[in-house]
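# Reading the structure
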Amino acid sequence: MSNEQGSTTLAGVDVDDAVMGPTGRPVTDFPEPPVLASHGPARIIAMVNQKGGVGKTTSTINLGAALAEAGRKVLLVDFDPQGALSAGLGTNPHELDITVYNVLMDRKVDIRDAILHTDIENIDILPANIDLSAAEVQLVNEVAREQVLASALRKVEDDYDVVLIDCQPSLGLLTVNALTAAHGVIIPLICEFFALRAVALLVETIDKVQDRLNPGLQVDGVLATMYDARTLHGREVLARLVEAFGDKVFETVIKRTIKFADASVAAEPITSYAANHPGADAYRRLAKELVARGGAP
C-alpha cells in the first residue's frame, strides 16, 4: 500500500528503504533453520536441467553441505554416469564395485550397501560411474521402469532429512526416474540467453511427470547460477528469468567465482574449503531460503 508521500510498503517494510537484491526484490533476512528433534522422513529434491554446465553438481554439493551445517542429515545421489558428484566429494567412481547402477538393476543389492559416508558431517553419498549409462537402455524393458529409483530410496528415506539427486544433462529415462522419486525440483540455470531458451522443454517434461507419474511433484525454485552483475547480459537474463517464473526464482543468486572450481579440485564443498567466502555464504543463504519456503525440513 502507499502513504500520502507516495512511498510503498511491502509486508510492513518501506520499500524505499529496503535493500534490493539482484532479482529486483527486497532482500529478505531468512531465519536460521530450526533445530530438528529427530530425522526423517526425507524430502527428495531433484536438481534438473537438460543443459550441461549450469552448476547442477556444484549446487548439489554445496546446498547439501549448507543443509548439513544446519543439522540436516543429507543423502546426495549421483545420477549422472560422468560421476562428477562422486569425484567432487573425494570418491574415485571408477574404483567402486557397488554404485547406484547396481541398486537400480539388481534387486538383490541393498541400497545401504552402496551408500558411502563422506568426510563431511551429516552427508552420505550414493555414488555413480560410467556403468549408469547402461541403465538407460536396460531399464526400458523393466516393469514400472520410471519408478525404480523411487522404490530404492523408499528404503532409506527415514534415515535422512533431505535427499538431493544430481541428474545428468538430459531428459531421458534416468531423469524421469529422478522426477518420479522426487517431491520437489530445483532448476539451476546459468545466466545466459541460450540456457534460458532450453527451460521450456524442461518445464514441459516436469508437467508430464506430474500429470502421469507423480502428481505431488512441485517446482521448489529456479536457481540463477554463474551470475555476473557487471555484465548487462547477465542482468537482462536474470530479469527475464524473474519475468517468466516470478516468485519461483530463488531470491538467492549464485555469483560466478573461481573458488567453486578450486573447491571441486580439492574435493570439498566451498563451505569447508573457503568457509568465509561469499560463495559459501550464498549457499548457506540458499539453504535458509529453501527451508523458509518449505522445500526442506
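Residues numbered from 1 in each chain as written. Predicted model: local features only at pLDDT ≥ 70, side-chain atom pairs only at ≥ 80, totals over all residues. Heavy atoms only, no water.

## Quick look at the overall build of the protein
The condition that has to hold: The way it works is that DSSP assigns letters per residue, a run of H or I at least four long becomes a helix, a run of E at least two long becomes a strand, and they are numbered from the N terminus. To sort residues, take the accessible area from a 1.4 Å probe on protein chains only and compare it with the maximum for the residue type: under 20% means buried, over 50% means exposed, and anything in between is partly exposed. Contact criterion: two residues are considered in contact whenever any of their non-hydrogen atoms come within 4.5 Å of each other.
When helices and strands are counted, the protein shows 13 helices and nine strands. Considered along the principal axes of its C-alpha atoms, the protein spans approximately 70 × 40 × 40 Å. Counting the 297 residues in the protein, one finds 50% classified as buried. Long-range pairs, those at least 24 residues apart, make up 78% of the contacts in the protein between residues at least 6 apart in sequence.

## As for the layout of surface pockets
The line we're drawing: Grid spacing is 1 Å over the protein atoms alone, the probe is 1.4 Å, and a cavity is where that probe fits but cannot get out, while a pocket is an open set with protein on both sides within 12 Å along at least five of seven lines and lining residues have an atom within 4 Å of a point. Grid points are joined across faces, edges and corners, and a volume is the space filled by probe spheres set on the points. In this count, Pro and Cys sit with the nonpolar residues alongside Ala, Val, Leu, Ile, Met, Phe, Trp and Tyr, while Asp, Glu, Lys and Arg are called charged and the others, Gly among them, polar.
A volume near 320 Å³ is recorded for the largest pocket. In terms of lining residues, the largest pocket is bounded by 16 residues, among which Val103, Leu104, Arg107, Val148 and Ser151 are the most central. Of the residues belonging to the lining of the largest pocket, the class tally is nine nonpolar, two polar and five charged. Thr252, Val253, Lys255, Pro278 and Ala282 are, among the 16 residues lining the second largest pocket, the residues nearest its centre. Classifying every residue of the lining of the second largest pocket by side-chain character gives six nonpolar, five polar and five charged.

## Section: the packing of helix H7 (residues 173-181) against helix H9 (residues 199-212)
Definition in use: Orientation is described by axes fitted as lines to C-alpha atoms, over the contacting stretch for helices, and by angles from 0 to 180 degrees between their N-to-C directions. Put simply, angles under 35 degrees are roughly parallel, angles over 145 are roughly antiparallel, angles from 65 to 115 are roughly perpendicular, and the rest are oblique. It is the rotation of the near helix from the far one that decides the hand of a crossing: anticlockwise by less than a right angle makes it left-handed, clockwise makes it right-handed.
Contact pair H7 / H9: the axes reach a minimum separation of 10 Å and the direction vectors enclose 55°. By the angle between their directions, the pair H7 and H9 is classed as oblique. For the pair H7 and H9, the sense of crossing is right-handed. Where H7 approaches H9, its residues Val176, Leu179 and Thr180 are matched on the opposing element by Thr205, Ile206 and Val209.

## Observations concerning the confidence of the model for the protein
The condition that has to hold: The predictor attaches a confidence to each residue, called pLDDT, with possible values from 0 through 100.
Here the protein averages 90 in pLDDT, and 94% of its residues register 70 or above. Across residues 1-13 the pLDDT falls below 50, and counting only partners more than four positions away or on other chains, this stretch makes 16 contacts in the model.

## Here's the deal with the packing of helix H1 (residues 56-69) against helix H13 (residues 278-292)
It is at 8 Å that the axes of H1 and H13 come closest, and there the two elements cross at 70°. Classed by the angle they form, the pair H1 and H13 counts as roughly perpendicular. On H13, the residues that touch Thr58, Ser59, Asn62, Leu63, Ala66, Leu67 and Glu69 of H1 are Tyr283, Arg284, Leu286, Ala287, Leu290 and Val291. The residue makeup of the contact of H1 with H13, split by class, is eight nonpolar, three polar and two charged.

## Overview of the side chain of Thr205
Here Thr205 is to be found in helix H9. Residues in contact with Thr205, not counting those within four places in the same chain, are Leu171 and Leu179.

## So, the pattern of salt bridges
Our working definition: In what follows, salt bridge is the name for a side-chain nitrogen of Lys or Arg lying within 4 Å of a carboxyl oxygen of Asp or Glu.
All chains considered together, the criterion is met by 12 salt bridges. Where Arg43 meets Asp220, a salt bridge forms, and the shortest distance between an N and an O atom there is 2.7 Å. On the criterion of sequence distance, the pair formed by Arg43 in strand S3 (residues 43-47) and Asp220 in strand S9 (residues 218-225) is long-range, its members being 177 residues apart. Ionic contacts of the salt-bridge type, sharing partners, join the residues Glu69, Asp281 and Arg284 into one network.

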